[in-house]
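Summary of the model geometry
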Amino acid sequence: MRLHEYQAKQIFLKHGIKIPKGKVAESPEDARKIAEELGGKVVVKAQVLVGGRGKAGGIKKANSPEEAKEIASKLLGSLIKGHRVEKVLVEEALDIQREYYLGYVVDKTKRMPTVIFSRVGGMDIEELAARYPEKIHKIYFDPLWGLHDFQIRRELFKAGFNGDEFKEMFNLVKKLVDVALKYEAELTEINPLVVTKDGLFAADARLNVDDNAIFRHPELETLRDATEVDELEREARLKGINYVRVGGNVGIIANGAGLAMTTMDLIHLMGGKPANFLDTGGGLADPVKMKMCLEHVLKDENVKVVFVNIFAEITRCEKVAEGIILALEEVNREVPLVVKLVGTNEDIGKDMLRKYVEEKGTRIYFVDTIEDGAKKAVKLAEEV
Amino acid sequence: MAILVNEDTKVIVQGITGFQGSFQTKRMIDYGTKVVGGVSPGKAGTEVHGVPVFNTVQDAVEETDAKTSIIYVPARFATDAIFEAFDAGLDLVVCVTEGIPLYDEMKIHRKLREVKSKLLGPNCPGVISPGKSKVGLLPDRCFMPGNLGIVSRSGTLTYQIAENLTKAGIGQSTVVGIGGDPMPGLTFVDILKMFEEDDETKAVVLVGEIGGTAEEEAAKFIKKMSKPVVAFIAGRTAPPGKRMGQVARNRKHHQRKRLRRRRKSCISVRQ
């Protein structure tokens, strides 16, 4: 789960990390009021969960409350890299002397937590690594012992930190690691970390936490709603469906993430556009799961055809068929289905569907390979 | 020969009295796997499908002399089950459980440095040496004995690919699902090494997914291998920045770079 900048900043603040003064606005008038409280000169930042917000026009400076209002009215409701802006963060404009980078990530290859910092900032870490690899400092630490103070000191001295700034940076690294470990972060980042005459400020904030560990941090659950912009994705999560909206017109249902992604790839390859990713996961023994999944995919009005690709190892095919029929009975749209159903009792499952087709005239096409299924689905989507 | 498991492998099932554990125990026995014991705290003295149940892994190991275990325990308790298996000195621990927290997995890996056990998974379908033994939940009918090794991050996608191969008359020495988690125990490289040394394996198929750098590490190793490797990566058209199920978060430029690197390694990439 990825937190918004304003959410991550509140957590940073609680842990003693300095952030610019500011507040979230959901209307242009709110933005004006906040800018007024902050003395007029502010930065207005779109709260969307995509990288490269600044370059995409999502971060703008305002010299007066009126200008802040004007910027907010343009940003709110607009799309930044496909993400709708529902909130803007209005912050005091800092007097920036220099920009640094400070981050933390779980290195999945080394299987260790890692602190990363650089005295060059203001660009994303990938670009930084490509342009100034020698200026990136990394501290790997043992997940059992935690980060030792000497490790921070050693690397900060190596990077040329000294005096008050050394002390402040030392404490900041410790605070950021505290946040990361407390919330079981996959990644947390301050970029840029801004140097002002009053010290180091987190001008931006990223905090991505491990979804599998959220049960240990129920307080994060309340933040989640605001991080899901897509209504269908939000609904899917509440129902326990692993669904991502992609935006095309060929709906996809598969059991297994790899199988679902391969299905998406093939739809693309055949010249079509997948509407979604959906991995049913296990548990298809109960027809209700399949019913829920199909109903959910059909809620996306762009969907013109659905490709159901089930490789039933443990699952019995008649249960899958039952789920499909239950869903079709509930949904009022006539959308053709392409079905690849393989596994235990596949003949029984297919017969059930064929009988349903005869009775109701629904269009269900059976295929034997994913390639044929993708071709058929793309063709049907074009016809509609 | 095959790798990891063969006809002599004795297996204990951790979580044998649970729904999945019991169901899969039956299927493994039906396949011919030597399931010699099960573990379920407080249920010692009972039987599941004729298999004796023990309170602890240690008891099961002392009684049966098994060197392999498979874990069917819910995510919140699976880390403890893995540590218990390590403590009992098992050679191979297969963990099917999905959803183990990242920080638990880091601790598991830290422990792996100190113990002799190997971990397959978590979040994996297990391993099958067709005609010999199955430790996991892979569907029997997709496989047949032969000389192709398969190593994969996916579940159902692997079954699909294996079934196509079997239908085409290409049998397998061993099929290994390393699991979809970002930090698997045994990695692509570990398994490729085993296949390289296995007499029965003549060629290898690698099934990867977008996300992470496991496929890049594998590509580097494959350059040094004498046996031919065919690779497939799912998710090349997935949108950047979105989480697709298990782990994958696509970064387009990484994906292209990986494909390029793979081409350089002279591995055929099926797109």
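Residues numbered from 1 in each chain as written. Chains lettered and ligands numbered in written order. Predicted model: local features only at pLDDT ≥ 70, side-chain atom pairs only at ≥ 80, totals over all residues.

Thoughts on the confidence of the model for chain B
Residue and element names in this part refer to chain B. Looking at chain B as a whole, the pLDDT averages 88, with 88% of positions reaching at least 70. With pLDDT under 50 throughout, residues 246-271 is counted as low confidence; its partners more than four residues away or in other chains account for 51 contacts. Listed scores for the predicted complex are pTM 0.85 and ipTM 0.84. (pLDDT = per-residue confidence, 0-100. Contact = placed C-beta atoms within 7 Å.)

Quick look at the interface of chain B and chain A
Chain B puts 36 residues into the contact, and the matching count from chain A is 31 residues. When contributions to the side of chain B that touches chain A are tallied by element, the ones reaching two or more residues are helix H4 (102-112) and helix H5 (156-167) of chain B. Ranked by residues supplied to the side of chain B that touches chain A, first place goes to H4(B) with six residues. Of the residues belonging to the side of chain B that touches chain A, the class tally is 16 nonpolar, 14 polar and six charged. (Helix = DSSP H or I, 4+ residues; strand = E, 2+ residues; numbered from the N terminus. Nonpolar A, V, L, I, M, F, W, Y, C, P; charged D, E, K, R; others polar.)

Describing the confidence of the model for chain A
Averaged over chain A, the pLDDT score is 92; the fraction of residues at 70 or greater is 98%. Mean pLDDT across the elements of chain A ranges from a minimum in strand E6 (residues 83-84) of chain A, with 83, to a maximum in helix H5 (residues 149-158) of chain A, with 98.

A closer look at helix H10 (residues 287-299) of chain A
All names here are of chain A. Given a rise of 1.5 Å per residue, 13 residues ought to cover 18 Å, and the 19 Å separating the end C-alpha atoms of H10 matches this to within 8%. Among the residues making up H10, those that are buried are Lys289, Met290, Lys291, Cys293, Leu294, His296, Val297 and Leu298. Buried residues in H10 make contact with helix H8 (231-239), strand E14 (242-245), strand E15 (250-254), strand E16 (276-279), strand E17 (305-312) and helix H11 (317-330). (Expected span 1.5 Å × (residues − 1). Buried ≥ 20, exposed ≤ 12 C-beta atoms within 10 Å, placed from the backbone.)

Here's the deal with the packing of H10(A) against H11(A)
All names here are of chain A. Remark: H10 packs on H11, axes separated minimally by 7 Å, with the N-to-C direction vectors making an angle of 45 degrees. As the angle between them shows, H10 and H11 are arranged oblique. Crossing of H10 over H11 shows right-handed handedness. Taken together, the residues of H11 that come into contact with H10 (itself represented by Pro287, Val288, Lys289, Met290, Lys291, Leu294 and Glu295) are Lys319, Val320, Glu322, Gly323, Ile324, Leu326, Ala327 and Glu330. Along the lines of polarity and charge, the residues of the contact of H10 with H11 split into eight nonpolar, one polar and six charged. (Axes fitted to C-alpha atoms, helices over the stretch in contact; angles between N-to-C directions. Parallel < 35°, antiparallel > 145°, perpendicular 65-115°, else oblique. Left-handed = near helix turned anticlockwise from the far one by under 90°.)

Brief notes about the domain arrangement of chain A
Partitioning chain A into domains gives domain 1 (21-92), domain 2 (98-223) and domain 3 (231-383). In this structure, domain 2 of chain A and domain 3 of chain A have C-alpha centres spaced 43 Å apart. (Domains from an automatic or database assignment.)

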